[in-house]
Amino acid sequence: MLYGYAGQTLRIDLSTGVVEKEPLKQEWVDDFIGGRGFTAKILYDENPPQVEPFDPENRFIIAMGPLSGLFLPASGKTHFCTKSPATGGYGDSNMGGHFGVNMKYAGYDVTILTGKAETPSYIFIDNDKVEIRPADQYWGKSSTQVEEAMKEDLGEDFQILTIGQAGERLVNFACISHDFGRQAGRIGIGAVLGSKNIKAIAARGTKSIPVFDPKGLLKKGKETYAACREKPGFTGWTPEGTAGITNWCNDVGALPTRNFKTSNCDYADDINGKAILKELKITDKGCFSCPIPCGKYGLAKTKLGEVYVEGPEYETLSLLGSNCELSDIHGIAHTNWVCDELGLDTCSAGVVVSFALECYEKGLISKEEMGMDVKWGDLDSIVHILEIISKREGIGDVLALGVQKAAEKIGHDSEKFAIHVKGLEWTGYEARNAPGMMLGYMTADVGAHHARCWVLGSDVATAVGGNKDATVHDLISGGADFNHIPKADHKNVVPLVLKSQHLRPAFDILGTCRLQYMEIGLETKYYEELYYYATGKKMDFDKDLLKLSEKIWHLNRMFNKREIPDFGRKYDYPPARFTEEPIPSGPNKGHFVTMEVIEEMLDTYYAARGWDKNGIPTKETLEKHNLKV
Amino acid sequence: MGLEFNNETCSGCKACELVCSLQNLKKVNPSKALLNVYGKFPVPGKYFVDICDQCGACAEACPEDAIRLKGQTYRIDRKKCTNCLDCVGACPVNVIKVDDDGTPYKCINCKQCAEVCPRDALTFS
């Protein structure tokens, strides 16, 4: 008996309409545990080499973990994976809410879509019943409109996953939306669903998940919830959620501002977590089984109207806020809503809009191409750019490719301020005085995403002296009062980066959210014990789970090498702005990272990973991890 | 008296449903929980939980007189229950659930949901 898992893989060929169910492969369970482990293994094994991201043969994979859906804090994450249209390499993105747990309660740990539906369609899953149905009535509609309509058509208890118009039109940073405000945002995951003519998936699962020791799980689950309550961050971090870090980032000079030109703004108090609570919030909105709901659902009021929206969370605040010089919390929330409705990743969208504004300011995009006279910090301008991207009108058709490919078309050295790695836009942490964070962004498998590594606290600690192991709540509640921050030390960042790169994605393997650990400091021993009661198997978090997480890191690197003909070291470089332009203002004024430092960090990093000088895993490294690739 | 719900703090996490099904049915299956969490989105943007307030409608509907008040709690007498499920239809908030073997279950005021609720949205007085 396989405990902790639903036990089945669901395969849907959208071209032929054939639906197949097969037992979950024991080999996957034994060697890759779940979630991100499953997706890395399946994408490598089953995607035809060098298939184009929008080719019907590109797989779209949904995977749950052994802890998904169980009685423990935040077991509601859903992991999606495909070959990314943004990077051309390994792409995954995950989402909270209630969708994935319904897939698991319906009986499916893994779902693999191949092919392309002939006409706009949606997938209907009600336990054993799986059908591909016409979606003409939903195609062309926004995310919330579709979710509302489908719940009315099918029933309130169906969980809906959908794409917006941006996904239909294959925007390279189109997201998946769910639960009126949750998204799998990154790597263009929504565009791949759009390329398959799939508008939505509706799922309802009402079966039980078999667990090894229900009594033990009940006891340990209760203990774990109680342990969360005891953490200072439970009451200190939760009220503002991720937005609570805004002022700290601004104070330490890490808040992306004006397309990452600088790293500090003078209006952080107007766009922070407290502003959300005061101006917007209606309710805390939590994902499945989460005791520390980071979602803040609210009502934004601007000249463009009143809109209900979940967020903005920190990434959105920084990237559509200060990075676009939008200093009004209602305005930021409105742009958040526009992205959600159109189905755009707010991270990439913020970076693309700020790139477009800088191009326009420099005369690289004309008023005619843009369709209007656009300005920094202007709500109308930002909404206009988001809309022409989703409609692919004028310069919007170019911007829809993401900043890397847009800069190739626009030219005139615009690639120097196209803020991305590997084609994926950078997220909300400016890193010219954060060498560890910089290296983390540079070397992440999916491109510049903080989900793979977050060592900003230790970077700042090396500069100012402090606790390298502080939780996010510790950092925020510790405060910051810095006028000038000394240069951070880049010499010893590699071990910290490696640890973070294995630790953060480890939770994606189990199927839980990492924030209980990262933000409030829930100890890893709880996950070891919960895993035992769920599966009946012992797991050492460091020796087993982090070792697997490292193995996945090598596997995904090999996927990128297989898919991208000249893949190697040059794909790990940061944008030129970070190595050529000193930060012009704020506490990190004058700091930047030279290419010499970048090369030195990469040399050290590759050596520590067991990769060659070009950043490719050596034969010995692959053998050590039993990877036959 | 008994179980109470405060929708000002509920964040819709369903930890209550999870602990309920595990405690009472020994199963990981929130659809079997003896209370229902749901949200109303996009408007007004609030969560609600349907709970058993021990109203007794199930007992009135039971043709076998198998549901009786003991203290503050209506309990199903398994020896008398014939699994006719009249109680299921009689519950005004649909929180009597049926296990896979056809047996009806109802809230017995075990208080686990109130104990676990991280938001203190469920309380027991």
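Before any of the text, the structure's been laid out above.
If you're wondering where the values come from, they're calculated on a predicted model, not measured in any experiment. (Residues numbered from 1 in each chain as written. Chains lettered and ligands numbered in written order. Predicted model: local features only at pLDDT ≥ 70, side-chain atom pairs only at ≥ 80, totals over all residues. Heavy atoms only, no water.)

### Looking at the pairing of strand β12 (residues 198-204) of chain A
Residues and elements named next belong to chain A.
- Of all seven residues in β12, six are buried; the element is thus mostly enclosed.
- Where strand β7 (residues 121-126) and β12 come together, six bridges link them in parallel fashion. Looking across to β12, one finds that Phe-124 is bridged to Ala-202.
- In this structure, strand β9 (residues 159-162) lies alongside β12, joined through four bridges in antiparallel fashion. Bridge pairing in β12 links Leu-161 to Ile-201. (Buried < 20%, exposed > 50% of the residue type's maximum accessible area, 1.4 Å probe, protein only. Helix = DSSP H or I, 4+ residues; strand = E, 2+ residues; numbered from the N terminus. Pairing = 2+ DSSP bridges.)

### Things to note about unusual backbone geometry
- The peptide bond linking A:Gly311 to A:Pro312 adopts the cis configuration, its omega dihedral lying at 0°.
- Locating A:Pro312 in the fold gives a position in the loop between β15 (305-310) and α11 (314-321).
- In this structure, B:Pro44 follows B:Val43 across a cis peptide bond, with omega equal to 5°.
- Assignment of secondary structure puts B:Pro44 in the loop between β2 (36-40) and β3 (46-50).
- Its identity as a non-glycine residue notwithstanding, B:Asp65 has a phi of 55°, on the positive side.
- Within the secondary structure, B:Asp65 is located in the loop between α2 (57-61) and β4 (67-70).
- In this structure, B:Asp120 takes a positive phi of about 55° despite not being glycine.
- Secondary-structure assignment places B:Asp120 in the loop between α4 (112-116) and β8 (122-124).
- Residue B:Asp120 is classed as partly exposed on the basis of its relative accessible area, which comes to 42%.

### A word on the pattern of salt bridges
Residues and elements named next belong to chain A.
- Tallied over the full model, the rule gives 55 salt bridges over all chains.
- A salt bridge links Lys-285 to Glu-310; its shortest N-O distance comes to 2.6 Å. Here Glu-310 lies in strand β15 and Lys-285 lies in strand β13 (residues 281-285), a separation of 25 residues in the sequence. One exposure class covers both Lys-285 and Glu-310, and it is buried.
- A salt bridge links Glu-563 to Arg-562; the shortest N-O distance between them is 2.8 Å.
- For Glu-563, a relative accessible area of 5% corresponds to the buried category.
- Shared partners join several salt bridges into a network, and the residues in it are Arg-36, Asp-92, Asp-445, Arg-452 and Asp-508. (Salt bridge = Lys/Arg side-chain N within 4 Å of Asp/Glu carboxyl O.)

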